[in-house]
Amino acid sequence: MSENCIFCKIASKQIPVQPIFENEEFIAFYDLNPQAPAHALVIPKNHVETIMDFEDEGLMGRALKAVQETAKVLNLTEEGFRTVINCRENGGQTVYHLHFHLLGGRFMQWPPG
Ligand code: AMP
Ligand code: ZN
């Protein structure tokens, strides 16, 4: 747990959220400022700052399984969705606790702005 990290507070239930999916290692919840009709965030409960900072290679596979489960709960598997990881300043990362955006419910433009 990293002090003053908002996502650590969500992971430890200090800040309550409505979980979309949860297991021992990950929690998925709705983004506060949705950029699509369905916009969820999937986070590891352990604090990892960015995609450049994880050590355990298996973490990514397990995280993507959590993304799959979240997409199923949100009924996005047929129409599809986009998953995004922003890294640091140029990537547009604002919360420095690794998270996967899961965006769906509309056609997602490519390339992103
Ligand atoms: P990023 O810009 O990739 O770091 O994304 C951080 C995301 O976290 C943004 O889309 C915010 O809207 C979202 N966010 C920040 N605080 C909260 C919160 N307390 N609950 C849900 N989503 C949040
Ligand atoms: Zn954290």
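That block above? That's the structure.
Residues numbered from 1 in each chain as written. Chains lettered and ligands numbered in written order. Predicted model: local features only at pLDDT ≥ 70, side-chain atom pairs only at ≥ 80, totals over all residues. Heavy atoms only, no water.

Asks: Would you mind going over the site of ligand 1 with me for this structure?
Replies: What surrounds ligand 1 is a group of 16 residues, the closest being Asp31, Asn86, Thr94, His99 and His101. Interatomic distance of 2.9 Å between a backbone N/O atom of valine 95 and an oxygen atom of ligand 1. For ligand 1, whose free accessible area comes to 510 Å², the fraction covered by protein is 84%. Looking at the shell around ligand 1, the elements with two or more residues in it are helix 1 (6-11) and strand 2 (26-30). Broken down by element, the shell around ligand 1 gets its largest block of residues, three residues, from helix 1. The residue inventory of the shell around ligand 1, partitioned by class, reads eight nonpolar, seven polar and one charged. (Near = heavy atom within 4 Å. Polar contact = N/O pair within 3.5 Å; in protein donor to acceptor, adjacent residues only side chain to side chain. Areas by Shrake-Rupley, 256 points an atom, 1.4 Å probe, with all protein chains shown as cover. Helix = DSSP H or I, 4+ residues; strand = E, 2+ residues; numbered from the N terminus. Nonpolar A, V, L, I, M, F, W, Y, C, P; charged D, E, K, R; others polar.)

Everything listed here is a matter of geometry and, on its own, says nothing about what the molecule does.
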